[in-house]
Amino acid sequence: NRCIIMSENVVSAKAHSLQCDSRKKTLVTGVKEVISANETLVLIDTSAGLLEISGTDIKIQKYNADEGGLVITGEFNTFKYDQARARGFLKRLFK
């Protein structure tokens, strides 16, 4: 099973895409920053907004900050985009 989600943000030069292979390996592009990560949750700021990935045994295998690429392995349950949370996070950050 393969799911691919692509999004382009006019403001950002980096296009965002999310590719999940059999709920075990995920490739994400357009990553601006990995905000937090542990075995059950990864919070990522992408060019398409804040992305929350949850599951079990999550591990970041590769992160290229210059190119905005991220490879994560584990057993994934949820991929959630949250524009409102992104705005709130940025508002608190620059307060």
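These remarks concern the structure in this document. The residue count restarts for each chain, going from 1 along the sequence in the order it is written. Local features in a predicted model are, by the rule used here, given only for residues with pLDDT of at least 70; side-chain atom pairs are given and counted only at 80 or more, and totals for whole chains, interfaces and linings are based on all residues. The side-chain values count all of the structure's non-hydrogen atoms but skip hydrogen atoms and water molecules.

In this text, buried Ala, Val, Leu, Ile, Met, Phe, Trp, Tyr and Cys residues form a nonpolar core when linked through side-chain atoms within 4.5 Å. The classification of residues rests on relative accessible area computed with a 1.4 Å probe and restricted to protein chains. Under 20% of the type maximum is buried, over 50% is exposed, and intermediate values are partly exposed. Counting residues in hydrophobic clusters, the biggest one holds twelve residues: L18, C20, V28, V31, V42, I44, L51, I53, I58, L70, I72 and F76. Counting residues per element, the ones that place at least two in this core are β2 (16-21), β5 (41-46), β6 (49-64) and β7 (69-82). Only runs of H or I of at least four residues qualify as helices and only runs of E of at least two qualify as strands under DSSP, and these elements are numbered from the N terminus.

Glancing now at the pairing of β6. By the convention used here, strands pair only if DSSP detects at least 2 bridges between them. Bridging between β5 and β6 involves six bridges; their strand directions are antiparallel. Within β6, the residue paired with V42 across the bridge is I53. Between β5 and β6, which pair antiparallel and follow one another directly, the connecting turn spans two residues. Alignment of β6 against β7, held across twelve bridges, turns out to be antiparallel. Bridge pairing links K59 to T73 in β7.

A few words now on the side chain of S54. Within the fold, S54 resides in strand β6. Owing to a relative accessible area of 18%, S54 belongs among the buried residues under this scheme. Here a residue-residue contact requires only that any non-hydrogen atoms of the pair lie within 4.5 Å. Contact partners of S54, with chain neighbours within four places excluded, come to T40, L41, E75, F76, N77 and T78.

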